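For reference, the chains in residue letters:
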Amino acid sequence: EFQQVFVEIRPGLLLSAFLILRNWEDAEDVVQETAVLAWRHLAGLRDRGCLCAWLHRVNRNTALTHVRKGKRAAQGVPLPEWLPAVEANAEQAMN
């Protein structure tokens, strides 16, 4: 479920991050970090029906943190094994 929802809303997450950061590369970094953070904290989400809204909130907060910290990306956060597939599918959907 998480992977499917993330793939579907990824373009919106990317645009939202871009509107905050004004840089596509930084926006891509934020969306990737959003996926990692959300995946790691998914068990804490009480209502799975709010997954889409929760992902947007995580994305916004991650972008704002990125700005506050001078656009330094988080280091050493392990990527979920499915993330490269999500990135490839989202890129195909955008083309």
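The model shown is predicted, which means the values in this text are computed figures rather than measured ones. (Residues numbered from 1 in each chain as written. Predicted model: local features only at pLDDT ≥ 70, side-chain atom pairs only at ≥ 80, totals over all residues. Heavy atoms only, no water.)

Looking at this structure, how should I read the packing of aromatic side chains?
The relative placement of two aromatic rings is captured by the distance of their centres and the angle of their planes. Enumeration over the complete set of coordinates arrives at three aromatic pairs. Between Phe 18 and Trp 24 the ring centres are 4.0 Å apart and the planes differ by 10 degrees, which places this aromatic pair in the stacked class. On the accessibility criterion, Trp 24 (46% relative accessible area) is partly exposed. Aromatic rings pair up to connect Phe 2, Phe 6 and Trp 39 into one cluster. (Phe/Tyr/Trp six-rings, centres within 6.5 Å; stacked < 30°, edge-to-face > 60°. Buried < 20%, exposed > 50% of the residue type's maximum accessible area, 1.4 Å probe, protein only.)

What am I meant to see in helix 2 (residues 24-41) here?
Residues spaced three or four apart along an α-helix point in a common direction, a consequence of the helix completing one turn every 3.6 residues. Between its terminal C-alpha atoms helix 2 stretches 25 Å, which fits the 26 Å expected from 18 residues at 1.5 Å a residue. Those residues of helix 2 lying buried are Asp 26, Ala 27, Val 30, Val 31, Glu 33, Thr 34, Ala 35, Val 36 and Ala 38. Put simply, Asn 23 is the residue that caps the front of helix 2, since its side-chain oxygen is 2.9 Å from the backbone nitrogen of Glu 25. (Helix = DSSP H or I, 4+ residues; strand = E, 2+ residues; numbered from the N terminus. Expected span 1.5 Å × (residues − 1). Polar contact = N/O pair within 3.5 Å; in protein donor to acceptor, adjacent residues only side chain to side chain.)

How should I be thinking about the confidence of the model for the chain in this particular structure?
Keep in mind that low pLDDT regions are not for reading the predicted coordinates in detail. Residue-level pLDDT values for the chain average 80, and 74% of them are 70 or greater. Note on residues 72-77: pLDDT under 50 across the span, and six contacts to partners over four residues away in sequence or across chains. (pLDDT = per-residue confidence, 0-100. Contact = heavy atoms within 4.5 Å.)

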